[in-house]
2 protein chains.
Amino acid sequence: MNDDSILLRRPLGELIAEQLRQDIYNRRIELGDRLIEADLAERFDVSRSTIREALKILEQEKLVLSKARKGTFVCRFTEEDLDELTEVRLIIESRAFVKALTHMEDKDFNVLADILTEMKQEAEIGDWNKLFDLDMLFHQTVVNRCGNVRLVKIYESIRVQIRVYIAHLDRYYTSFNSFYKEHKDLYNVLLKRDAGLVKKKIEDHIEYVEEKLLRNNKS
Amino acid sequence: MNDDSILLRRPLGELIAEQLRQDIYNRRIELGDRLIEADLAERFDVSRSTIREALKILEQEKLVLSKARKGTFVCRFTEEDLDELTEVRLIIESRAFVKALTHMEDKDFNVLADILTEMKQEAEIGDWNKLFDLDMLFHQTVVNRCGNVRLVKIYESIRVQIRVYIAHLDRYYTSFNSFYKEHKDLYNVLLKRDAGLVKKKIEDHIEYVEEKLLRNNKS
DNA sequence: AGTTTTTCTATTGTCAACAATTATTTGAAT
DNA sequence: ATTCAAATAATTGTTGACAATAGAAAAACT
C-alpha cells in the first residue's frame, strides 16, 4: 500500500473514487468505457476490494453502472438523460433558491461575488472547463443554504452528472461573456430577495443555459 | 456458503440488504443500533465482504450511516428529518403526479383501483403496516409513470426513509378509514386528468397525511 | 463453409486472514 | 476514590487467493 494513506484520513476507496471522477471530467476515461477492477487495482496500487468500494461510490452517483458479472461501465449520457437531469435540476433549484433567500447572509453573497469575479476572468481567458466548475460552485453555494440537507445531496448528484455530460461535449453554443453575464444577472436578482422574482429567474436561467449552451452542438 | 445462492441470481449483498431493510421495517433492528459486520456475517453465514456490500447499499438509501472506523449505525430519524423528507417528497410528487397524467393508461388506473380495494380491506382489519405498504405502492405506482427515471429513483429512496420513520412510530392520529378515504379521493381527482386540480390535491394530500398521521403522537 | 459444442481465458463474486484503529479494561500513582 | 497511562480486546480497513461465471477461441460435426 502507498505510504500517503497514512496522511489521508479518509477511506482509500473515497480517494480513488475522487480520482476516477476527475478522470471522467478530464476525458481520460471516456463514456461507455468498461472499468476492470484488476486493472484499476494495479494502477492505484491497491487491492480489488478497495476498487470495488470506489466503484460502489461512483455507482451511487450514477456515473457508473455495474451489471452483475458483466462488469461496470461508465454511464453514457444521452440527450434524454440531459432532459431528465434538467427537469430534476429545475424543480430542485427553483425550490432551493427561494428557500435559500431566508438563510443567506452577507458573507454568502460575498462568496457569490467572488465566484463572479473569477468567472469574469476565466471568461476573458476562455477556459470552459474552469467556467463550468465555477458555475457548479455558484449554484451549489446557493443550494447549500436552502436548509434541507437531503435536497442538497440530491442536487449534488444531479449536478455531477450534468458536469460529466458537459465535459464530454465538443462544442458550445454561447459566448464566454454571455455565460458570465447570465450569472451576474442571477446574482443581482438574488440580491433583491424577492421570492417570486428569484423563482422566475432561476427557471429562465436553467432554460437559457440548457438551450444556448448544451443543445444543438453537433460538431 | 449457503446453497440457495445458486437459485438466486442476484448478488448476495442485495439479498442481505433486503433482509436488513425488512428487519428495520419490522423493528427487529431499532433505530440507532450499531451493526457489527462480523455478527451479521455469522448470522447470514456469509463473509464480511458481502456484508459490507449490503451495508453500502443501505447507506446509499440513507437507512444507515457508517463513520470511518467507528462502525455503521441505523439512522435515527428525527422530526427534522421528517420535515426534510416531506419537503422533498412534496416537490417530487407534485411534479411527478402531473406529468404522470400524460402517460397513465387505463391499466394503470386499474392497478390503482386494485390497491384501493386492498386498502379498504386492510382498513377494516386495521393493520397499519399493510396500509402503509399499500400507501407506498399507490404513490410509487403513479410516480413510476412520470417518465423520468431519475425522479423515480430519488422518490424511491425518500419513500423508503419515510416508511422507516412511520414503522418506528408508536401511535397514529387518524382512523384507518379516513386514511383509505384520502387515497380514494386522490384517485378520483387523478381520474379527472386535470393538471391543476391534481397538483393541488397531491399537495393537500401529503400535508394531510403528515399532519393527521405523523405529527403529535407522543405515546 | 457454416453451425454447434467444447475448452479455455478473462473477469467478477466470495472468502478467510492480517493490519490498523478504536474502545475497554486494568493497574498504578496521587 | 479519582485520574491518568498502559495493556488488552473488539472492530473495521485492506489484502491476496480461490470459486463461479460470462465471453472468446478452438474443435468437432454436418
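Cut-off values and rules
- Residues numbered from 1 in each chain as written.
- Chains lettered and ligands numbered in written order.
- Predicted model: local features only at pLDDT ≥ 70, side-chain atom pairs only at ≥ 80, totals over all residues.
- Heavy atoms only, no water.
- Near = heavy atom within 4 Å.
- Polar contact = N/O pair within 3.5 Å; in protein donor to acceptor, adjacent residues only side chain to side chain.
- Helix = DSSP H or I, 4+ residues; strand = E, 2+ residues; numbered from the N terminus.
- Pairing = 2+ DSSP bridges.
- Contact = heavy atoms within 4.5 Å.
- Axes fitted to C-alpha atoms, helices over the stretch in contact; angles between N-to-C directions.
- Buried area = accessible area lost by both parts, 1.4 Å probe.
- Salt bridge = Lys/Arg side-chain N within 4 Å of Asp/Glu carboxyl O.
- Parallel < 35°, antiparallel > 145°, perpendicular 65-115°, else oblique.
- Left-handed = near helix turned anticlockwise from the far one by under 90°.
- Nonpolar A, V, L, I, M, F, W, Y, C, P; charged D, E, K, R; others polar.

Trainee: Would you explain the protein's contact with DNA strand D in this entry?
Mentor: In the neighbourhood of DNA strand D, 18 residues make up the surrounding shell, with A:Ser47, A:Ser49, A:Thr50, B:Arg48 and B:Arg52 lying closest. Take the atoms of DNA strand D that sit within 4 Å of the protein: sugar and phosphate atoms are 69% of them. Separating a phosphate oxygen of DNA strand D from a backbone N or O atom of B:Glu37 is a distance of 3.3 Å. In the environment of DNA strand D, a base oxygen lies 2.8 Å from a nitrogen or oxygen atom belonging to the side chain of B:Arg48. Of all the secondary structure elements, the ones that give two or more residues to the surface near DNA strand D are helix 3 (48–60) of chain A together with strand 1 (34–35) and helix 3 (48–60) of chain B.

Trainee: Any chance you could explain the sheet that holds strand 1 (residues 34–35) of chain A here in plain terms?
Mentor: As a general point, the strands of a sheet are linked pairwise by backbone hydrogen bonds and lie either parallel or antiparallel. Residue and element names in this part refer to chain A. Pairing in this open sheet of 3 strands is antiparallel, and the strands run 1-3-2 from one edge to the other. Here the strands that pair on one side only, and so sit at the sheet edges, are strand 1 and strand 2 (64–67). Sheet topology places strand 2 next to strand 3 (residues 71–74); 4 bridges connect them, and they run antiparallel. The residue bridging Leu65 from the neighbouring strand is Phe73, located in strand 3. Relative to strand 2, helix 3 is tilted by about 115 degrees, and along the sheet it contacts strand 1, strand 2 and strand 3.

Trainee: Can you help me understand the interface of chain A and chain B in this one?
Mentor: Interface extent is often summarised as the accessible area lost during association of the parts. Facing the 28 residues of chain A at the interface are 28 residues of chain B. Roughly 2500 Å² of surface becomes buried between chain A and chain B when both sides are summed, with 48% attributable to carbon and sulfur atoms. Per-residue buried area on chain A facing chain B is highest for A:Glu84, A:Glu87 and A:Arg150; these three make up 27% of the total on that side. Here chain A and chain B share 12 salt bridges between them. Put simply, A:Arg150 and B:Asp81 hold a salt bridge, and the shortest N to O gap is 3.1 Å. Where chain A packs against chain B, one counts 20 residue pairs in polar contact (both at pLDDT 80 or more). Among the secondary structure elements, those contributing two or more residues to the side of chain A that touches chain B are helix 3, helix 4 (79–103) and helix 7 (149–167) of chain A. The biggest single contributor to the side of chain A that touches chain B is helix 4 of chain A, with 9 residues.

Trainee: Just to check I follow, could you spell out the packing of helix 7 of chain A against helix 7 (residues 149–167) of chain B for this structure?
Mentor: A packed helix pair is summarised by two numbers, namely the angle formed by the two axes and the spacing between the axes. Packing of helix 7 of chain A against helix 7 of chain B brings their axes to within 12 Å, and their N-to-C directions diverge by 155 degrees. Put simply, helix 7 of chain A runs roughly antiparallel to helix 7 of chain B. Judged by the sense of rotation from one axis to the other, the crossing of helix 7 of chain A with helix 7 of chain B is right-handed. Along its contact with helix 7 of chain A, which presents A:Arg150, A:Ile154, A:Ile158 and A:Gln161, the element helix 7 of chain B presents B:Arg150, B:Ile154, B:Ile158 and B:Gln161. Residue composition of the contact of helix 7 of chain A with helix 7 of chain B, by class: 4 nonpolar, 2 polar and 2 charged.

Trainee: How should the protein's contact with DNA strand C be read in this particular structure?
Mentor: Around DNA strand C, the surrounding shell holds 19 residues, and the nearest of these are A:Arg48, A:Arg52, B:Ser47, B:Ser49 and B:Thr50. At 3.5 Å from a phosphate oxygen of DNA strand C is found a main-chain nitrogen or oxygen belonging to A:Leu35. In this structure, A:Glu37 approaches DNA strand C through a main-chain N or O atom, which is 3.3 Å from a phosphate oxygen. Broken down by secondary-structure element, the contributors of at least two residues to the surface near DNA strand C are strand 1 and helix 3 of chain A together with helix 3 of chain B. Element by element, the count of residues in the surface near DNA strand C is highest for helix 3 of chain B, at 3 residues. Partitioned by chemical class, the residues of the surface near DNA strand C number 6 nonpolar, 4 polar and 9 charged.

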